[in-house]
Amino acid sequence: MNIKPIVLMAILVTMISACRPHAASYASYEEYPVYEGVWEEMEYTPARTDFALWAPTAQAVRVLVYETGQGGSAKWMIDMQPAEDGMWKVSVEGDLKGYFYAFNVRIDDAWQGDTPGLWAKAVGVNGNRAAILDMRTTDPEGWEQDKRPPLRNFSDMVIYELHLRDFSVDTVGGMKHRGKYLALAEDSTHTWTGERTGLAHLKELGVTHVQLMPVADFASIDESKPERIQYNWGYDPKNYNVPEGSYATDPYIPETRIREFKQMVQALHEAGIRVIMDVVYNHTFTTQGGIFERTVPGYFYRKDADGNFANGSGCGNETASERAMMRRFIVESVCYWAKEYHIDGFRFDLMGLHDIETMNAVRRVLDRIDPTIYIGGEGWSASAPGLSPDSLAMKANVDKIPGIAVFRDEFRDSLRGPFGNDKKGAFLIGRPGYERGIRFGLSGGVYPLTPNDSVSLSPAQFISYVSCHDDLCLTDRLKATLPGASVQELCALQKLGTTAILTSQGIPFLFAGDEFLRDRKGEPNPYNLSDEVNAINWHNKMLHREVFDYYRGLIAMRKAHPAFRMGDTSLIKEHLEFLRVEARNVVAFRLKGNPCGDAWMNTIIVLNARTEPVTVDIPEGKYWIVCQGGKIDLIMGFGTVVGNQLVVSPRSATIIHQ
C-alpha cells in the first residue's frame, strides 16, 4: 500500500516552526505549554489517519508504523511536524486499519525509544505498540442500547470488590472463560451441588456495584505466554486507556480485549449491577522506558529536593497531578472510560497522592456525563508525598472534596484491629475500648471519632468496610487475632462484623468471598502469589451457606428500608441515637420514627461482641424481631419482644422494629 504523509494546517505549522526552535527549553514545569485542543494521538478514517503527540521539549518526533503488534521492523517511519503548544502532528493518507504504531521522541540529541503514546486506546500484545482501528467495530451487539442501572443516591450502593481471576478461575465455579472478562458475562454458572457462582451469585447476593481490581493494561503479566501461570493484582499500570490483555481470550487481536470488556459491562448492567473501575493514576510501573518519561521527561512525576523521584506511592514514583497536562490526562482518561466503556464509578488507588483541585475537576466532568457516577478512593498515601498534605485528597480533607467518598479505616480498625499488627484484634473479638469507633462508623462519620476529626459533608462520602483486597481478609484476620477459633466462632464474628457494615449510614463495601469465609492462607499481601492462595473456593459457599444467607438477608434489608441509608447528615442527626449500654463491647442504636418513609418504626440494632448474653435497656414497647442469634428473616421474623429490655445473644446482632 502506498501512503503519503501530509501536514495539517501547513501554513500555520510553517509559521510556528519559523518562530521557535524545535527543542524548547523551560525554566520550570509551570512554563510548559498547555495544549487546549482536542487531545487525540490517533484519529482513524479509511481515507487517512492523523497522528499527534504532546512533546514540548522534543527536537524531533517520529511515528513508526508496523504490520504487527510485536517484533519486526517499522514498515514506515514518518517525521512529525511541530504545531501549537508543544504538539507534534502529521497525517497519513490511505487506509491504515489493522496496522500498529509507536512514537519516538528525540531529546538532547538522543532518541528516547518506542512508546505507544499516552493515549493509546488499543494495543497489540503486551501493550508496546498502539493499534489503528475503528472503535465502533469493537461494540458488541446492543451496545448502543446499554444503560446504567438506576441509582437514586450514593447511599443506596452496596459495593462488592473482586479480582477477575480470583473470582472465576476455580474449576468448581463452572465458568467456561475462567480468569477472563467473559467469565462475568456467563449468567447461569453453578457448582456441582447447584450453588450459583459468578454473575448468578452476584445477582443472588443482591449487591448494586461490582468494583473490579485494576483492569487497565498493566505490566507484570506477559500476555504472550498464556500457558505460563501468572498472577498479579494489576497495580502496575502501563497503558491507562486500554483494557488488560491477559483477561482477554486473545491478547494479540486489539479488538478482542475491548469487545470482551464491553460484553462484561453489558452483562453486569443487564443484571442490574453497576461497574466500578479501580484506577491507578498515582504511579507507574516504571519510569525509565515508560510512556511518560519517553515523551516528556520529568514533567509527569514529582521529584524530591535532591532531584530523585518522589515516592509517596511506595512503588518508586508518584505522578504530578497538579501539573496542567497531567491533571488533564487524569480527567480526560476517566471521562473516556465512562463514555466508551460505560463505566459507572472509579476507585482511586492512593487518592491521597492526587491534589484536591484535580479530584474536584474529575467530579465536575463526571457530573456533566452523569452525576450518579461514583468516585471513591484511598484517602492516604503509602509514604510521605511530594506535596503538602493540605493540598491533597487525604481523608483529613474530605470536606474539600464534595461528592467523593473515602475509605474510613478507623471503622475497619475498630472492628478488626489496627493495620500493621495482624495479631491485635478489636471490637469483634471482645477487646474493650473500640465502641466509639464503631459508633463513628455506624453514623457514617456524622458523629466524630474525636473532637478534631474531619467530618464528611455527607455520609455518602464515608466508605464502611472491614475487609478488602489489602491486608488480611476478614477470616484470616479473625484467625490471627483469635487463635484456635472454631468454625462456628468464625461464622458468628463474620456475621457480626458485616452487620455493622450493612447497617452503617455510609456506603457499605464487601470483599469478594467474605460472604462464605474466604481465606488467603494468612497472606496479607498476596499481590503476585498463586491461585492456590488467591482464588475463591466456590465449594465454600455450600460449606458456609448460612453466612451467605445472612449477608444476603442484610443486603435485602438495607435495600428495602431507607432508614439504614438516609444519605443526609441532618436526617441522621435527627433520627439516629445511640442507646446507653453499661456493658463493654456492646453498641446499641435506634433509628427513631420512620425516617425517609420507612415501613419500620423505631428500629433498634444491638451489636454484642461479648462471649455472654447482654441485656440492653430499650424504649418501652412491642417490637418484632427480624435478626437474632446469627439468623435473619425479614418476612416471618422470630417473634416479638415486649417491654423495655432486650436480651442479645453472645457474639451476635439483634435487630427489632415496631
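Residues numbered from 1 in each chain as written. Predicted model: local features only at pLDDT ≥ 70, side-chain atom pairs only at ≥ 80, totals over all residues. Heavy atoms only, no water.

Chemist: Mind laying out the pairing of strand E3 (residues 48-54), listing which residues take part and the relevant values?
Modeler: In terms of residue burial, E3 counts as a mostly covered element, since 6 of its 7 residues are buried. Two elements, strand E2 (residues 42-44) and E3, share 3 bridges in a ladder whose sense is antiparallel. Bridging across to E3, Met42 finds its partner in Phe51. What sits between the antiparallel neighbours E2 and E3 is a turn of 3 residues. Sheet analysis places E3 next to strand E7 (residues 87-93), joined by 7 bridges and oriented antiparallel. Its bridge partner being in E7, Arg48 is matched across the sheet by Glu93. (Buried < 20%, exposed > 50% of the residue type's maximum accessible area, 1.4 Å probe, protein only. Helix = DSSP H or I, 4+ residues; strand = E, 2+ residues; numbered from the N terminus. Pairing = 2+ DSSP bridges.)

Chemist: I'd like a rundown of the nonpolar core, residues and numbers included.
Modeler: Core analysis: the biggest nonpolar cluster contains 139 residues, and Trp54, Leu202, Phe261, Phe346 and Phe348 have the highest contact counts within it. Sequence-distant contacts of Phe346, defined by excluding residues within four places in its chain, comprise Ile276, Met277, Val279, Val334, Trp337, Ala338, Leu366, Ile373, Tyr374, Ile375 and Gly376. Counting residues in each nonpolar core, the second largest holds 26 residues, with Leu53, Ala55, Val90 and Ile107 among its members. (Core = buried A, V, L, I, M, F, W, Y, C linked by side-chain atoms within 4.5 Å. Contact = heavy atoms within 4.5 Å.)

Chemist: An account of the environment of Arg439 is requested, with residue identities and associated values reported.
Modeler: In this structure, Arg439 sits in helix H8 (residues 435-442). Arg439 gets classed as partly exposed once you look at its relative accessible area, which sits at 32%. Discounting residues that sit within four places of it in the chain, Arg439 has contacts with Phe578 and Val587.

Chemist: Let's hear about the packing of helix H5 (residues 324-340) against helix H6 (residues 356-369): which residues, and what values?
Modeler: Contact geometry of H5 with H6 gives a least axis separation of 9 Å together with a crossing angle of 30°. Taken as axis vectors, H5 and H6 run roughly parallel relative to one another. In terms of crossing hand, the pair formed by H5 and H6 is right-handed. Contacts between H5 and H6 pair Arg327, Ile330, Val331, Val334, Cys335, Ala338 and Lys339 from the former with Glu357, Thr358, Ala361, Val362, Val365, Leu366 and Ile369 from the latter. Per-class residue counts for the contact of H5 with H6 are 10 nonpolar, 1 polar and 3 charged. (Axes fitted to C-alpha atoms, helices over the stretch in contact; angles between N-to-C directions. Parallel < 35°, antiparallel > 145°, perpendicular 65-115°, else oblique. Left-handed = near helix turned anticlockwise from the far one by under 90°. Nonpolar A, V, L, I, M, F, W, Y, C, P; charged D, E, K, R; others polar.)

Chemist: Lay out unusual backbone geometry with the relevant residues and their values.
Modeler: Despite not being glycine, Asn585 has its phi angle at roughly 60°, a positive value. Secondary-structure assignment places Asn585 in the loop between strand E21 (576-578) and strand E22 (586-591). A positive phi angle is found at Arg651, which is not glycine, with a value near 45°. Counting through the fold element by element, Arg651 comes out in the loop between strand E26 (640-648) and strand E27 (652-657).

Chemist: Describe the packing of helix H10 (residues 487-502) against helix H13 (residues 545-560), listing the residues and the values that go with them.
Modeler: Geometrically, a packed helix pair is captured by the angle between its two axes and the distance between the axes. Taken N-terminus to C-terminus, the directions of H10 and H13 make an angle of 15°; their axes are 10 Å apart at the nearest point. Between H10 and H13, the interaxial angle falls into the category roughly parallel. Considering only the axes of H10 and H13, their crossing is right-handed. In this structure, H10 uses Cys491, Gln494, Lys495, Thr498, Thr499, Ile501 and Leu502 to contact H13, whose residues at the interface are Glu546, Val547, Tyr550, Tyr551, Leu554, Ile555 and Arg558. A class-by-class count of the residues in the contact of H10 with H13 yields 8 nonpolar, 3 polar and 3 charged.

Chemist: Which residues make up the confidence of the model for the chain, and what values go with them?
Modeler: Per-residue confidence for the chain gives a mean pLDDT of 95; residues scoring 70 or more make up 96%. Below a pLDDT of 50 lies the segment residues 7-21, which in the model reaches 15 contacts outside its immediate sequence neighbourhood of four places, other chains included. (pLDDT = per-residue confidence, 0-100.)

Chemist: So what about the packing of aromatic side chains? Which residues, and what values?
Modeler: Per the stated rule, a full pass over the model turns up 41 aromatic pairs. For the ring pair Tyr29 and Tyr32, a centre distance of 5.4 Å and an interplane angle of 55° mean the geometry is tilted. By relative accessible area, Tyr29 is classed as partly exposed at 25%. When the ring of Tyr29 is compared with that of Tyr299, the centres are 6.0 Å apart and the planes differ by 85°; the resulting orientation is edge-to-face. Residue Tyr29 is found in the loop between helix H1 (10-19) and E2, and its partner Tyr299 is found in the loop between strand E15 (274-279) and H5; the two are separated by 270 residues along the sequence. Given the relative accessible area of 1%, Tyr299 is considered buried. Taking the ring centre of Trp76 as reference, the NZ or CZ of Lys75 above it sits at 5.3 Å. The ring of Tyr341 carries Lys262 above its face, with NZ or CZ at 5.6 Å from the centroid. (Phe/Tyr/Trp six-rings, centres within 6.5 Å; stacked < 30°, edge-to-face > 60°. Lys NZ or Arg CZ within 6 Å of the ring centre and 35° of its normal.)

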